[in-house]
Amino acid sequence: MGLRAWPAKNVLYDGAWQLRITAGHPSKRLNSLSVLDRSDIADMEIRLEKAKRHYAAFGRPLLIRETPLTPQPLCDYLGAEGATHFDESLVMTLDLKAFSAEDAIEVLPSQDVGRFVDASLAINPVEGLTKAGLAEVVTAIKPAHGLFMRESEDGTPYAAALAVHDFDMSGIEAFAVSADARRKGHGGKLVAAILRWAKGRGAGMAWLQVTSTNTGAIALYEGLGFREAYRYRYWQET
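Definitions and limits used
- Residues numbered from 1 in each chain as written.
- Predicted model: local features only at pLDDT ≥ 70, side-chain atom pairs only at ≥ 80, totals over all residues.
- Heavy atoms only, no water.
- Salt bridge = Lys/Arg side-chain N within 4 Å of Asp/Glu carboxyl O.
- Helix = DSSP H or I, 4+ residues; strand = E, 2+ residues; numbered from the N terminus.
- Buried < 20%, exposed > 50% of the residue type's maximum accessible area, 1.4 Å probe, protein only.
- Pairing = 2+ DSSP bridges.
- Axes fitted to C-alpha atoms, helices over the stretch in contact; angles between N-to-C directions.
- Contact = heavy atoms within 4.5 Å.
- Core = buried A, V, L, I, M, F, W, Y, C linked by side-chain atoms within 4.5 Å.
- Arc of directions from axis to C-beta.

Counted by the stated rule, this structure contains 15 salt bridges. Ionic pairing is found between R196 and E106, a salt bridge with its closest N-O pair at 3.7 Å. Pair noted here: R196 is in helix α6 (residues 186-200) and E106 is in the loop between β5 (84-95) and α4 (113-123), with a separation of 90 residues, a long-range link. You can call R196 partly exposed: its relative accessible area is 30%. Exposure remark for E106: the relative accessible area of 58% places this residue in the exposed category. Residues joined in a network through salt bridges with shared partners are D14, D40 and R47.

Ordered in space as β1-β2-β3-β4-β10-β5-β9-β8-β7-β6, the 10 strands form an open sheet in which the pairing is mixed. With one partner strand each, in any of the chains shown, β1 (10-14) and β6 (144-151) form the two edges of the open sheet. Here the average twist between neighbouring strands, direction ignored, is 25°. Here β1 runs beside strand β2 (residues 17-21); their pairing, made up of 5 bridges, is antiparallel. Bridge pairing in β2 places V11 opposite R20. Here helix α2 (residues 44-57) sits on the sheet in contact with β1, β2, β3 (33-35) and β4 (64-66), set at roughly 15° to β2.

This part takes up the nonpolar core. Formed by 31 residues in total, the largest nonpolar core has its most connected members in M92, L96, L195, Y221 and F226. Of all the secondary structure elements, the ones that give two or more residues to this core are β5, β7 (157-166), β8 (169-177), α6, β9 (205-211) and α7 (215-223). Top contributing element to this core by residue count: α6, with 8 residues. In this view, L195 contacts L94, L96, F99, I172, A206 and F226; residues no more than four positions away in its chain are not counted.

Once that is clear, we can look at helix α3 (residues 72-80). All buried positions along α3 are accounted for by L74, C75 and L78. Buried residues along α3 cover an arc of 100° about the axis, so they all sit on one side. Where α3 is buried, its residues contact β2, β3, α2, β4 and β10 (227-236). G82 lies just past α3 and shows a positive phi near 90°.

Quick look at the side chain of T67 now. Within the secondary structure, T67 is located in the loop between β4 and α3. Assessed through its relative accessible area of 13%, T67 is described here as buried.

Structure follows, in structure tokens:
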């Protein structure tokens, strides 16, 4: 669901190894190799070298995203070869049947990609990410989705997020609150509004991702009822 909610521009498969590249966006999730079957470990050395050349052709280093689906022998091999892991993230889930939307404000999602992209980049500028690059990813999302923004009276955006409803699940992506609006309840209200929207569409579970060092955001999500489902991290040659 996470891969579908944040689609890469170019996707290549080598068996159950998925190689994702998106030239216009620096996100590691959009520019890394994920293994989708624990049993697919044949010819690891050869396939890793091929993957390395594939990413080099796009001017990118080979990043390997380790999830619970990643074969342990692959991680062992990477460690033995001197690769290091970094940037751990939590995937958290919430049973929407247990979520009460009565106190959540109703925020109607927008379909204005340009407005959302402007708001998102104003709130959370990312080095190397352009308006065109973010717009390319957002417009490529195939499942039903909504763009959520909160603005001050003068029209200045202070919170934004993207929600994707895919089958029985709804994911929250690109969630950001401006620095001067944090710890004022704005983030919690926006997430609750998105959960209300998702539950109203019939989703049974919500999910999101957050870096393990973002203790403030983790506390916010736990306060809403989210719990850790699993973690992932990245490997790269040193």
